[in-house]
Amino acid sequence: MRSFFLALLALPIALAQPKLEFWPGTQYDPAIPTFQKVLGYGPGERISSHANLMRYMEALAQAAPARMKIFEYARSWEDRKLVYAAIGSEANLRRLDSIKAAMQKAGDPRKNLAGLPAVIWLGYGVHGNEISSPDAALLTAYHLLAARRDKIVDQVLANVLVLIDPIQNPDGRDRFVHNFEQSEGLEPDASPAAAEHNEPWPMGRTNHYHFDMNRDWFAVTQPETRGRIRVLREWQPVVFVDLHEMGAESTYYFAPEAIPFNPHLVPEQKTSLDLFGKNNAKWFDHYGFSYFTREVYDAFYPGYGASWPSYYGSLAMTYENASSRGLLMRRADDTTFHFRDTVQRHFVASISTAEAAAMHREKLLDNFVKYRETAIAEGASESIREYILPRRGDLSAVDKLAQLLSDQGVRIKQATSAFGSYPAGSYVIPLAQPAKRLIRTLLDSDVPMEAKFLEEQERRRKKRLPDEIYDVTGWSLPLLYNVECIAAPSESQGQFEDFKVAPKPAAFAKAPVAYLVPWGSRASAQLLTAALRAGLRVHATDKAFEQNGRTFPAGTLIIKVKENSDTLHDTMVKIQGAAEVVSTATGWVENGVNFGSRYVRVIKRPMVAIAWDRPVSASSAGHARFVLERQFGYPVSVIRTSQFATTDLSKFHVIVLPDGNYTEAFNAPVQKRLKDWVQSGGTLIGIQGAMAFLADPKVALLAVSQENLAKEPKDPKEKEEAAKKPDTEPRVPGKIFPDEASYLKAIQADSELPDAVQGVIARARTDPDHWLTVGLPETVNPLVEGRAVYSPIKLDKGVNAAVFLAADKLLASGYMWAENKRQLAFKPLVVIQNEGRGSVIGFTSDPNYRAFVDGLNVLFLNAVFRGPAHAR
């Protein structure tokens, strides 16, 4: 009976849609199981869950074990498997290890790649709600295994080893599928307004912590990315394709990409795009599929899946498909398309890509070797011969950067003794290596965009046309981590060994009086969170002190022996991590504050809440949660915005409002509850868009204002004429424009916000006298995006704890509009305002952006952990 009703429900779909041949005329081997046999539906008839994707891939591998093998490479945060399948001829499947070994040695002139297949990687579904590509991955694998007497497939299997990653974001995928299935009715609804097409917060694009993993490739913050990087380093595919979706009103995009190209790409990587673009065009023309190239999707930012592989020598590309976001979608012109149509397009593009790789196998392998050989030659001859990361300042940040680069295939040397002005342990990164272009891309303070492209963007802005900058333009890792990085013109002389793992901190003796942890490093912050979770009583000083001839900076943690249990020493050893710990036998100091000073406060274990759900930015909320929970090991409570009206806020010491528009979500009663909570001692932290809410005169929790674009003052005569003109006058005095400049000035808006900035690294100066900035260097480097500029807070209202530098010194990396640069100068990055017994802290830029602005970690953690300590 149940099967009868299921068949009845499926009947309207079957009647409405004739059977689609995905590659017409192909005969398939019946020994290879079909979708229908394994999953109970045909390709594109349902949106496959992660479980069904795995189920079908495993069924294919079991049916053709000599031509397909599956390898698990990672687990998601929600413990779902990430796998890739290797598909090729039986001969190639038998020598997988030798193919992998040969690719790892490519670039060594002694290694001959003749006879090797071209290894290609097809990656599907990095955005969980871009739904067609994972089902196309299954169809691609089936076609390569089951197509009989097919010349294209035979050519591919003989010349190419195809690696298929069927679902790069399983958590986001299942979030979408779950919401879609909950919203389904009697039959698929093509209306774009239908619930099945519109996901609830946070939608399925991102992973568990709401990271866009197509921006995470060089930051490598997520386990899914970490696993992919490791596997790609093992195989080093010569072609990498990342298959996506875009809006329903679009067609299909494939390479060549739009400008700007990253300047560290080589000419062969640009010209070879045509080999694949033309082959895709051949098949899309054959089937009557519309497409476009060279628009929108660029190859500048190195954090895309279609960018990062380029820097070990691959040819990396993005394919974008119009999305049905369900089974049926109606466009604005009243035409309707089916999910199966989108699956077919990605499937055809996948087979076309494999065919092009087979046709150009030798050229691809030769280009790959040439890329790596020329990288070595350039590194040995260009003006920068090596980068030096001195191991001083925040050692844990320097060590993390070295490890991050090493994990991406960069060869690093570490000094076994001091050399020049650099201490022992410093890292030296020679440029004469295959990863030279990746090194330059990630470590250069700035990677410039093409001048003609920028000229065009300025022209477009003058006409109020949107700019074509796709993503952030500044990403220099040393700047983001706020560590020194020296570009050296010659090879360093000294004693070095290959880097393997960062050195451990020095051991410490059992303390008679206290353990001191100098503040200012990521490691010291990790120790603080571990100490609080272990139940230790921790003090911290707001001012520096000197003891036994050593200066301990403001912020230093003081963990007193007599105020903790007898197991304190064992606990300190266990939680030390990479932090420096100093044992002291006295509370006496030679200079500065004593341990019992009023400037030494107890750091209580705070209960932290993060606003969750609409209208909060899912990425901002997820990144804040990730930084606290996964980078610093401190649990938080996520509270839906609708619960703020009834939740007992007194149970929390800290509330974080991530980026978002809270004005409508938090009505007057909720605003009063928040204000009362702050006045009772709470620490309220607002990030980016939350600043506008806190600064709203009706809310009045931050005495700052968002600024409109600063304009040149009007001519006095114009002001006088405007003042005389009655508001109801239908006509205005006539004007004569003597030149085009006068006309252009006249058509400018009277009041508007600054143009949005896509993402640059700026410089801000910290206030050395405030507890919010203890442990920070004189300047920090936030990532600035958007258009919000806030006025500084008045001295009688609060403190501008960090302020952007002057216009000529503000920009550290990336491209910023000149007027934004002028207006942002001397405006606040962070403000703090006392309110009753508590405080309100506002960040105009997100300190947790993509979890790669490590240089702001201490600033954010100061707000979270020192704010409650300073409640009055």
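For clarity, every value in this text was computed on a predicted model and none was experimentally measured.

*Asks:* How do you make sense of the packing of aromatic side chains when you look at a structure like this?
*Replies:* Any pair of aromatic rings gets described here by the distance separating the centres and the angle formed by the planes. One pass over the structure, following the stated rule, counts 52 aromatic pairs. Relative to Phe-626, the ring of Trp-77 has its centre 6.2 Å away and its plane inclined at 70°; by these criteria the two rings are edge-to-face. With Trp-77 in the loop between strand 1 (68-75) and strand 2 (81-87) and Phe-626 in helix 20 (residues 618-631), this residue pair connects regions lying 549 residues apart in the sequence. Among the residues examined, Trp-77 registers a relative accessible area of 26% and is labelled partly exposed. Judged by centre distance (5.9 Å) and plane angle (45°), the ring pair of Tyr-662 and Phe-693 falls under tilted. Placement of Tyr-662 in the loop between strand 27 (654-657) and helix 21 (668-679) and of Phe-693 in helix 22 (residues 689-695) is noted, with a sequence separation of 31 residues between them.

*Asks:* Looking at this model, I keep getting lost on the nonpolar core. Mind explaining?
*Replies:* Among the nonpolar cores identified, the biggest contains 260 residues, and Met-572, Leu-657, Leu-684 and Ile-685 are the most heavily contacted of them. Per-element accounting of this core gives the leading share, 10 residues, to helix 12 (residues 339-359). Once residues lying within four places of it in the same chain are set aside, the contact partners of Leu-657 are Ala-611, Tyr-662, Phe-666, Leu-684, Ile-685, Gly-686, Ile-687, Ala-690, Phe-693 and Leu-694. Formed by 10 residues, the second largest nonpolar core is a distinct cluster that contains Leu-516, Phe-545, Phe-552 and Val-589.

*Asks:* Would you explain the environment of Lys-413 in this entry?
*Replies:* Looking at the element boundaries, Lys-413 is found in strand 13 (residues 413-415). Overall, Lys-413 belongs to the buried group, its relative accessible area being 14%. Each C-alpha atom of the pair Lys-413 and Ser-426 lies 8.5 Å from the other, and the pair is 13 residues apart in sequence. For Lys-413, the contacting residues outside a window of four places in its chain are Ser-426, Tyr-427, Val-428, Pro-430, Glu-491, Phe-496, Glu-497, Asp-498 and Phe-499.

*Asks:* Can you walk me through a nonpolar patch on the surface in this structure?
*Replies:* There is a patch of nonpolar side chains on the surface, built from Phe-737, Tyr-743, Leu-744 and Ile-747 and spanning about 370 Å² of accessible area. Secondary-structure assignment places Tyr-743 in helix 24 (residues 740-746).

*Asks:* Mind showing me how you'd approach the pairing of strand 27 here?
*Replies:* Along any regular strand, the residues point their side chains to alternate faces of the sheet. Judged by which residues are buried, strand 27 turns out to be covered on both faces: Val-654 and Val-656 on one side and Ile-655 and Leu-657 on the other are all buried. Note that strand 25 (residues 608-612) and strand 27 share 3 bridges and pair parallel. When the bridges of strand 27 are listed, Ala-609 appears paired with Ile-655. Pairing of strand 27 with strand 28 (residues 683-687) involves 4 bridges; the strand directions are parallel. Directly across from Leu-657, in strand 28, lies its bridge partner Gly-686.

*Asks:* How do you make sense of the pattern of salt bridges when you look at a structure like this?
*Replies:* Any two side chains of opposite charge can pair, given that their charged atoms come close. Tallied over the full model, the rule gives 45 salt bridges. Residue Glu-130 is joined to Arg-205 by a salt bridge in which the shortest nitrogen-to-oxygen separation is 3.5 Å. Highlighted residues: Glu-130 in the loop between strand 3 (118-124) and helix 6 (132-146) and Arg-205 in the loop between helix 8 (170-183) and helix 9 (223-235), separated in sequence by 75 residues. Residue Arg-361 pairs with Glu-362 through a salt bridge whose shortest N-O separation is 3.7 Å. According to the relative accessible area criterion, Arg-361 is buried, its value standing at 15%. Judged by its relative accessible area of 55%, Glu-362 falls in the exposed class.

*Asks:* Mind showing me how you'd approach helix 15 (residues 436-443) here?
*Replies:* The periodicity of an α-helix, 3.6 residues per turn, causes residues three or four positions apart to be oriented the same way. Of all the 8 residues making up helix 15, 8 are buried; the element is thus mostly covered by neighbouring parts of the structure. Listed as buried for helix 15 are Lys-436, Arg-437, Leu-438, Ile-439, Arg-440, Thr-441, Leu-442 and Leu-443. Buried residues in helix 15 make contact with helix 13 (361-381), strand 12 (386-389), helix 14 (395-407), strand 14 (427-430) and helix 17 (477-481).

*Asks:* Could you clarify how one ought to interpret the packing of helix 18 (residues 522-533) against helix 27 (residues 857-869) in this entry?
*Replies:* For the pair helix 18 and helix 27, interaxial distance at closest approach is 10 Å and the crossing angle is 25°. On the basis of the axis angle, helix 18 is roughly parallel to helix 27. Once helix 18 is placed against helix 27, the crossing between them reads as left-handed. Packed against helix 18, whose contacting residues are Arg-522, Ala-525, Leu-528, Thr-529 and Leu-532, the element helix 27 presents Asn-857, Leu-861 and Phe-865 at the interface. By residue class, the composition of the contact of helix 18 with helix 27 is 5 nonpolar, 2 polar and 1 charged.

*Asks:* I'm lost on the environment of Ile-486 in this one. Help?
*Replies:* Relative to the helices and strands, Ile-486 is located in strand 15 (residues 486-488). The spatial distance from the C-alpha of Ile-486 to the C-alpha of Ile-388 is 5.0 Å, given a sequence separation of 98 residues. Apart from residues lying up to four places away in sequence, Ile-486 is in contact with Glu-386, Tyr-387, Ile-388, Pro-390 and Tyr-422.

*Asks:* I tried to follow the packing of helix 5 (residues 96-104) against helix 9 on my own but got confused; where do I start?
*Replies:* The description of two helices packed together rests on the angle between their axes and the distance between the axes. Between helix 5 and helix 9, the least distance of the axes is 6 Å, while the angle of their chain directions is 90°. With respect to helix 9, the element helix 5 is oriented roughly perpendicular. For the pair formed by helix 5 and helix 9, the contact residues are Leu-96, Ile-99, Lys-100, Met-103 and Gln-104 on the first element and Arg-233, Glu-234 and Trp-235 on the second.

*Asks:* Would you mind showing me how to read the sheet that holds strand 34 (residues 811-813) here?
*Replies:* Strands belonging to one sheet form pairs held by backbone hydrogen bonds; the direction of such a pair is parallel or antiparallel. With antiparallel pairing, 3 strands are arranged side by side in an open sheet as 32-29-34. What marks the edges here is a single partner per strand, and that holds for strand 32 (783-786) and strand 34. Geometrically, the sheet is characterised by an average inter-axis angle of 50° between neighbouring strands, direction not taken into account. Across 3 bridges, the pairing between strand 29 (residues 757-762) and strand 32 is antiparallel. Residue pairing across strands places Ile-761 opposite Leu-783, the latter belonging to strand 32.

Conventions used here
Residues numbered from 1 in each chain as written. Predicted model: local features only at pLDDT ≥ 70, side-chain atom pairs only at ≥ 80, totals over all residues. Heavy atoms only, no water. Phe/Tyr/Trp six-rings, centres within 6.5 Å; stacked < 30°, edge-to-face > 60°. Helix = DSSP H or I, 4+ residues; strand = E, 2+ residues; numbered from the N terminus. Buried < 20%, exposed > 50% of the residue type's maximum accessible area, 1.4 Å probe, protein only. Core = buried A, V, L, I, M, F, W, Y, C linked by side-chain atoms within 4.5 Å. Contact = heavy atoms within 4.5 Å. Patch = residues over 30% accessible without salt bridge, like charges linked within 9 Å, V, L, I, M, F, W, Y side chains within 5 Å. Areas by Shrake-Rupley, 256 points an atom, 1.4 Å probe, with all protein chains shown as cover. Salt bridge = Lys/Arg side-chain N within 4 Å of Asp/Glu carboxyl O. Pairing = 2+ DSSP bridges. Axes fitted to C-alpha atoms, helices over the stretch in contact; angles between N-to-C directions. Parallel < 35°, antiparallel > 145°, perpendicular 65-115°, else oblique. Left-handed = near helix turned anticlockwise from the far one by under 90°. Nonpolar A, V, L, I, M, F, W, Y, C, P; charged D, E, K, R; others polar.

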